[in-house]
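Overview (structure and organization)
In case you want the letters, here they are:
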Amino acid sequence: MENKKVVMDADGIDRSLTRIAYEIIEKNKGVTELVLVGIRTGGVFLAERLQKKILKIEGVEIPMGILDITLYRDDLQKNPKKPLLGKTDIPFSLDNKKVILVDDVLFTGRTIRAAMDALIDFGRPKMIQLSVLIDRGHRELPIRADFVGKNLPSSLWEAVAVHLTEKTGTDEVVIEGTV
Amino acid sequence: MKLAKKDLLGIQDLSVEEINLILDTAESFIEVSTREIKKVPTLRGKTIINLFLEASTRTRTSFEIAGKRLSADTINISSSTSSIVKGETLIDTAKNLEAMNPDVVVIRHSAAGAPHILAKAVKQAVINAGDGSHEHPTQALLDLMTIRSKKGKIDGLKVAICGDIAHSRVARSNIYALTKMGASVAVAGPATMMPRYIERMGVQAYSKLEEAIIDADIVMMLRIQLERQNEHIFPSLREYATYFGLNRKNISLAKKDVLVMHPGPVNRGVELAPDIADAPFSVILDQVTNGVAVRMALLYLLTGGN
């Protein structure tokens, strides 16, 4: 049974990202030492968009990197299917940088745990802050986001999907019925 | 995605999709080796035994580094220090190693088929690191990876493989690999080093080096196995170098953007003139770098998940 509800449309996503961009600049009192790291794959497109918005506001293009967390997952031994490994590309040092980690949906927090472990392997950031488009709750680890597009209380039996133009051709956030 | 296999025994039984999966995964692993901290926690708590019953520096070191960069514990066993010298059979050695619960056994053996026997005897993943004159699948995979990253494709390229084709597991694995991926393969070597009916493997065979390398995109030179000199398969090194050595003159027959490859160790001045081995179009050291990534990819794809 097709049971799909749009909870955020293209304009909604864009307004949220604009607000997050301003919040990032406000909280960090400018863009000095700021870098963006997008988590594959959804987080990468969102990080690119934030980079553009910050450039528009402050006139500075802050560095952006791409992180694949597969090698740091805590379920590799349990899962008989090996997730396809993507490329990590962080072409700058993270030492003493304020890292804005970007992902599309914050759920159990396990992805963010893996991402933080990976970041630490790249250097010693001054600070790591987390930006997500959707926070759907159900945390299994003590992790919270610093910048949230939309809080979306959801049932564990629902799937929250963030569709982005770069990947699927449309910008929308949907809740899909029983999974 | 996962390789639908317990072991990696040869290229012959890999599909094009599986080869592509290994190469794509390996490309993502390249980055790990460029980090300041060259280690990821992926295979923490896994044990890899490198059972090298034949001499090797490159392959053994490469497997060991690959395992360590994935945080696995790697143990090396070489023939001189193993119970094989006390007369233990391969199966008994394997059964004893199995009893210590490793996760992967990497084996190099002078007998063709030894990894296959081992794979049947133990429940762990077995990786063939070279068996006699049969196959050397990880070498062929790292060669494919090097070609793909330098040329952007493999399909439609012309590859010449030259030297001791008959005794070369590198040649055999590469012929399987390259023809599967759509390259056309020419082989050349002295008659004593050419297997009969080699054309049945889907290659063009030539008795002169020059004929094979005309318009080649890739020239892959094989190591002349000096230890075989007393088998009288070639009269002298000088004669071999004259007729089957790659040099500044005959390389000009190949395409302008030709790449020269060699599985190592190189006999300078025999199969490769020194200036060719060091030329900018020689990718011998890229092959070694890619070897670590290919082996990391295989260890990742063949372990875990029950």
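Quick caveat, the model's predicted, so the values are computed rather than measured.

Take the overall build of chain B next. From N to C terminus, chain B includes ten helices and nine strands. Taking 306 residues into account, the globule formula puts the C-alpha radius of gyration at 19 Å, and chain B, at 19 Å, falls close to it. Dimensions along the principal axes, computed over C-alpha positions, put chain B at roughly 55 × 45 × 35 Å. Residues counted as buried form 58% of the 306 residues belonging to chain B. Across chain B, contacts joining residues at least 24 apart in sequence account for 74% of those joining residues at least 6 apart. With the model as given, the accessible surface of chain B reaches about 12,800 Å², and the carbon-plus-sulfur share is 53%.

Once that is clear, we can look at the interface of chain A and chain B. The partner chain B presents 22 residues to the 17 residues of chain A that form the contact. Both faces considered, chain A and chain B share a buried interface measuring about 1,800 Å² in area, 54% of it formed by carbon and sulfur atoms. Considering only the surface of chain A that becomes buried against chain B, Leu 71, Gln 77 and Lys 82 of chain A emerge as the three largest contributors, covering 38% of it. Taken together, the links from chain A to chain B amount to one salt bridge. Of the charged contacts, one joins Glu 27 of chain B and Lys 87 of chain A as a salt bridge, the two residues approaching to 3.5 Å between their closest N and O atoms. In this structure, the connection of chain A to chain B is made through seven residue pairs in polar contact (both at pLDDT 80 or more). When its residues are assigned to classes, the side of chain A that touches chain B shows eight nonpolar, five polar and four charged.

Quick look at the confidence of the model for chain B now. Per-residue confidence for chain B gives a mean pLDDT of 93, with 98% of residues at or over 70. Listed scores for the predicted complex are pTM 0.93 and ipTM 0.87.

The next thing to look at is helix α3 (residues 110-121) of chain A. Residue and element names in this part refer to chain A. Taking 1.5 Å per residue, twelve residues should reach 16 Å; α3 reaches 17 Å between its end C-alpha atoms and fits that length. Taken as a whole, α3 has its buried residues at Ile 112, Ala 114, Ala 115, Ala 118, Leu 119 and Asp 121. Buried residues belonging to α3 abut β2 (34-39), β3 (64-67), β4 (98-106) and β5 (127-135). Immediately beyond the C-terminal end of α3, within one or two residues, lies Gly 123, with a positive phi of roughly 150°.

Take the sheet that holds strand β2 (residues 73-78) of chain B next. Residue and element names in this part refer to chain B. Strand order in the open sheet formed by four strands is β2-β1-β3-β4, and the pairing between neighbours is parallel. The sheet terminates laterally at β2 and β4 (125-131), the two strands that pair on one side only. Neighbour-to-neighbour, the strand axes of the sheet open up by a mean angle of 15°, direction not taken into account. Where strand β1 (residues 47-52) lies against β2, six bridges are found, and the strand directions are parallel. Along β2, the bridge assignment pairs Phe 52 with Ser 78. Its contacts with the sheet put helix α2 (residues 58-69) on β1, β2, β3 (104-109) and β4, and the angle it makes with β1 is roughly 180°. On top of the sheet, helix α10 (residues 284-302) reaches β1, β3 and β4; it is set at about 150° to β4, its chief contact.

A few words now on the environment of Glu 88 of chain B. Residue and element names in this part refer to chain B. Structurally, Glu 88 can be placed in the loop between β2 and α3 (90-98). Taking the relative accessible area as the measure of exposure, Glu 88 reaches 27% and is therefore partly exposed. Once residues within four sequence positions are removed from consideration, Glu 88 is found in contact with Ser 83, Thr 93 and Asn 96. Engagement of the side chain of Glu 88 in a polar contact is seen with the side chain of Thr 93, the distance being 2.9 Å. A distance of 3.4 Å separates a polar atom in the side chain of Glu 88 from a polar atom in the side chain of Asn 96.

Moving on: the nonpolar core. If you look at the biggest cluster of nonpolar residues, it comprises 90 residues, and the most contacted ones within it are Leu 67 and Leu 101 of chain A together with Phe 29, Ile 127, Ile 161, Leu 178 and Val 187 of chain B. Among the elements that line this core, the one with the most residues is α10 of chain B, at ten residues. Those residues in contact with Leu 101 of chain A that sit more than four places away from it in its chain are Val 37, Ile 39, Leu 67, Ile 112, Ala 115, Met 116, Leu 119, Ile 128, Gln 129, Leu 130 and Ser 131 of chain A. In this structure, Ile 13, Ile 20, Met 64 and Val 160 of chain A belong to the second largest nonpolar core, which totals 32 residues.

Let's shift gears to the sheet that holds β2 of chain A. All names here are of chain A. Pairing within the open sheet is parallel, and its five strands lie in the order β3-β2-β4-β5-β6. Strands at the two margins of the open sheet, each flanked by one partner only, are β3 and β6 (147-151). Taken pair by pair, the neighbouring strands of this sheet meet at an average axis angle of 25°, ignoring direction.

So, how was this worked out
- Residues numbered from 1 in each chain as written.
- Chains lettered and ligands numbered in written order.
- Predicted model: local features only at pLDDT ≥ 70, side-chain atom pairs only at ≥ 80, totals over all residues.
- Heavy atoms only, no water.
- Helix = DSSP H or I, 4+ residues; strand = E, 2+ residues; numbered from the N terminus.
- Rg over C-alpha atoms; globule rule 2.2 N^0.38 Å.
- Buried < 20%, exposed > 50% of the residue type's maximum accessible area, 1.4 Å probe, protein only.
- Contact = heavy atoms within 4.5 Å.
- Areas by Shrake-Rupley, 256 points an atom, 1.4 Å probe, with all protein chains shown as cover.
- Buried area = accessible area lost by both parts, 1.4 Å probe.
- Salt bridge = Lys/Arg side-chain N within 4 Å of Asp/Glu carboxyl O.
- Polar contact = N/O pair within 3.5 Å; in protein donor to acceptor, adjacent residues only side chain to side chain.
- Nonpolar A, V, L, I, M, F, W, Y, C, P; charged D, E, K, R; others polar.
- pLDDT = per-residue confidence, 0-100.
- Expected span 1.5 Å × (residues − 1).
- Pairing = 2+ DSSP bridges.
- Axes fitted to C-alpha atoms, helices over the stretch in contact; angles between N-to-C directions.
- Core = buried A, V, L, I, M, F, W, Y, C linked by side-chain atoms within 4.5 Å.

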